[in-house]
Amino acid sequence: MASEVMDWDSAYRQEAGFDGPPPWNIGEPQPELAALAAAGKFHSDVLDAGCGFAELSLSLAADGYTVHGVDLTPTAVAAATKAARERGLTSVTFEQADITTFGGHDGRFNTVVDSTLFHSLPVEGRDDYLRAVHRAAADGADYFVLVFAKGAFPAEWEQKPNEVGENELRDAVSKHWHVDEIRPAFIHANIPPAPADSDVPMIEHERDEKGRMKLPAYLLTAHKGG
């Protein structure tokens with residue numbers, strides 16, 4: 001498992017080898033999380049941990065939620081802040097911070113959502129992250145995590161997200177949260193077909209109706225005991 005931290009700001013500046021925006025930036029919330037929102041599973045205030053360009057935060061704010069997005073990268077935070085201003089959204093705020101040391105909002109949030117952050121953290125940073133968002137959550141708050149499952153990427157790749165197994169995910173989260181459910185899910189990403197001359201090509205998973213790859217994932221639901 002990788003322990004180094006990717007230069008996320010370089011990725012959001014499109015300087016990390018991506019042809020266009022990072023693949024996980026699909027211009028809308030991840031469908032798995034959009035479905036939760038449509039089902040009324042989110043409750044204000046919402047913490048969007050590792051919000052990136054914050055399409056989830058912006059969508060929730062447009063639906064009337066009060067949202068606070070947090071990301072490590074100034075480029076992503078600046079872009080999200082600009083988008084909120086352009087869309088006239090006043091119930092969403094953004095903060096540049098390291099989520100593993102995030103503070104100043106103890107007991108505030110009734111929903112914490114992690115849209116593809118967990119697998120981006122160094123493995124040794126997971127516990128600090130889980131402790132930080134637990135501290136920020138109100139008693140009874142819901143916690144949702146959308147994370148890559150093992151097998152999403154070729155095993156031979158040296159640099160890839162820290163995919164998880166179900167038991168690994170449960171063991172990590174249950175140290176701080178009451179885990180209610182872990183179910184198979186998908187993360188949709190704009191990944192082009194692998195070049196024919198690739199030494200270790202990307203696994204060609206199923207694609208959705210928009211041509212986005214549907215990578216194996218888990219959706220975890222948990223809550224903070226009161």
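In the nomenclature of an unreviewed UniProt entry, the protein corresponds to Class I SAM-dependent methyltransferase from the organism Mycobacterium paraterrae.

*Asks:* Would you mind going over the overall build of the protein with me for this structure?
*Replies:* Regarding its fold elements, the protein presents 6 helices and 7 strands. Scanning the protein from its N terminus toward the C terminus, one meets helices and strands in the order α-α-β-α-β-α-β-β-α-β-α-β-β. Here the protein, with 226 residues, has 50% of them falling under the buried criterion. Considering only contacts within the protein whose residues lie at least 6 apart along the sequence, 72% involve residues at least 24 apart. Here the protein has roughly 10400 Å² of accessible surface; of this, 49% comes from carbon and sulfur atoms.

*Asks:* Teacher, can you tell me more about helix α5 (residues 126-136) here?
*Replies:* Of all the residues in α5, the buried ones are Arg 126, Tyr 129, Leu 130, Ala 132, Val 133 and Ala 136. The buried side chains of α5 occupy one side of the element, clustering within an arc of 160° when seen end-on.

*Asks:* What am I meant to see in the confidence of the model for the protein here?
*Replies:* One rule of thumb: low pLDDT means the predicted coordinates there are not for detailed reading. Of the residues in the protein, 89% reach a pLDDT of 70 or more, and the chain-wide mean stands at 90. In the model, residues 1-9 has pLDDT below 50 throughout and makes 25 contacts with residues more than four positions away in sequence or in other chains. Considering only residues more than four positions removed or in separate chains, one finds that residues 11-16, a stretch of pLDDT under 50, has 18 contacts.

*Asks:* Quick question: what am I supposed to make of the side chain of His 119 here?
*Replies:* Among the secondary structure elements, His 119 is positioned in the loop between β4 (109-115) and α5. One polar contact links the side chain of His 119 to the main-chain carbonyl oxygen of Thr 116, over a distance of 3.1 Å. A distance of 3.0 Å separates a polar atom in the side chain of His 119 from the backbone nitrogen of Phe 148. Each residue touching His 119, except ones within four places of it in the same chain, is listed here: Leu 146, Val 147, Phe 148, Pro 161, Asn 162 and Ile 187.

*Asks:* I'm lost on the packing of aromatic side chains in this one. Help?
*Replies:* Centre distance and the angle of the planes are the two values used to describe a pair of aromatic rings. All told, the structure shown has 5 aromatic pairs when counted by the stated rule. Judged by centre distance (4.9 Å) and plane angle (85°), the ring pair of Phe 148 and Phe 153 falls under edge-to-face. Look at Phe 148 and you get buried, because its relative accessible area is 8%. A relative accessible area of 10% places Phe 153 in the buried class.

*Asks:* Please explain the sheet that holds strand β2 (residues 67-71) as it appears in this structure.
*Replies:* Across a sheet, strands are paired by hydrogen bonds formed along the backbone, either parallel or antiparallel in direction. Across the sheet, 7 strands lie side by side as β3-β2-β1-β4-β5-β7-β6; this open sheet has mixed pairing. Pairing within the sheet leaves two strands with one partner each, and these edge strands are β3 (92-96) and β6 (178-189). Strand-to-strand twist of the sheet, defined as the mean angle between neighbouring strand axes without regard to direction, takes the value 20°. Two strands pair when backbone bridges link them, and strand β1 (residues 46-49) and β2 are joined in this way by 4 bridges, in the parallel orientation.

*Asks:* Help me understand the nonpolar core in this model?
*Replies:* Across soluble globular proteins, nonpolar side chains show a tendency to be buried alongside one another. Among the nonpolar cores identified, the biggest contains 35 residues, and Phe 42, Leu 60, Val 92, Phe 94 and Leu 215 are the most heavily contacted of them. Counting only elements with at least two residues in this core, the list comes to α2 (31-38), α3 (55-62), α4 (74-86), β3, β5 (137-148), β6 and β7 (213-223). Ignoring any residue separated from it by four or fewer positions in sequence, one finds Phe 94 in contact with Cys 51, Ala 54, Ser 57, Leu 58, His 68, Gly 69, Val 77, Ala 80, Thr 81 and Ala 84. Residues Tyr 129, Leu 169, Ile 182 and Ala 222 belong to the second largest nonpolar core, which totals 31 residues.

*Asks:* So what exactly am I meant to see when it comes to the environment of Pro 29 here?
*Replies:* Following the sequence through the fold, Pro 29 ends up in the loop between α1 (8-12) and α2. Assessed through its relative accessible area of 14%, Pro 29 is described here as buried. Along the primary structure Pro 29 and Ala 54 are separated by 25 residues, whereas in three dimensions their C-alpha atoms are 8.1 Å apart. Beyond its immediate chain neighbours, meaning those up to four positions away, Pro 29 contacts Ala 34, Glu 55, Leu 56 and Ser 59.

*Asks:* What is the right way to look at the pairing of β4 in this model?
*Replies:* Remember that side chains alternate between the two faces of the sheet whenever the strand is regular. Extensive coverage of β4 is indicated by the burial of 6 of its 7 residues. Inspection of the sheet shows β1 paired to β4 by 4 bridges, in the parallel sense. Within β4, the position partnered with Leu 47 by the bridge is Val 112. With 6 bridges connecting them, β4 and β5 associate as parallel partners. In the sheet register, Ser 115 faces β5, and the bridge partner there is Leu 146. Since β4 and β5 lie parallel, the crossover through α5 that links them has a hand, and here it is right-handed.

Definitions and limits used
Throughout this description, residue numbers start from 1 for each chain and increase along the sequence as written. Confidence filtering applies because this is a predicted model: local features only for residues at pLDDT of at least 70, side-chain atom pairs given and counted only at 80 or more, and all residues used for totals across whole chains, interfaces and linings. Excluded from the side-chain calculations are hydrogens and water; all other atoms, namely the structure's heavy atoms, are used. Only DSSP runs of H or I with at least four residues qualify as helices, and only runs of E with at least two residues qualify as strands; both kinds are numbered from the N terminus onward. Only protein chains enter the accessibility calculation, which uses a 1.4 Å probe; a residue is then buried when its area is under 20% of its type maximum, exposed when over 50%, and partly exposed in between. We call two residues in contact when some of their heavy atoms are within 4.5 Å. Computed by Shrake-Rupley with a 1.4 Å probe, the accessible areas treat only the displayed protein chains as cover when residues are assessed. The arc in question is traced by the directions running from the helix axis to the C-beta atoms. On a scale of 0 to 100, pLDDT captures the predictor's confidence in every residue. Between N or O atoms, a polar contact is any pair within 3.5 Å; within protein, one atom must be a potential hydrogen donor and the other a potential acceptor, and residues adjacent in sequence are included only when both atoms are from side chains. Side-chain rings of Phe, Tyr and Trp (the six-membered ring for Trp) are treated as a pair once their centres are within 6.5 Å; stacked means planes under 30 degrees apart, edge-to-face means over 60, and tilted covers the remaining angles. Note: two strands are recorded as paired if DSSP finds a minimum of 2 bridges between them. Axis definition: a line fitted to C-alpha atoms, limited for helices to the stretch in contact. Angles are taken between N-to-C directions and run from 0 to 180 degrees. Put simply, buried Ala, Val, Leu, Ile, Met, Phe, Trp, Tyr and Cys residues joined by side-chain atoms within 4.5 Å make one nonpolar core. With strands facing away from the observer, any crossover in which the path from the first strand over the helix to the second runs clockwise is taken as right-handed.

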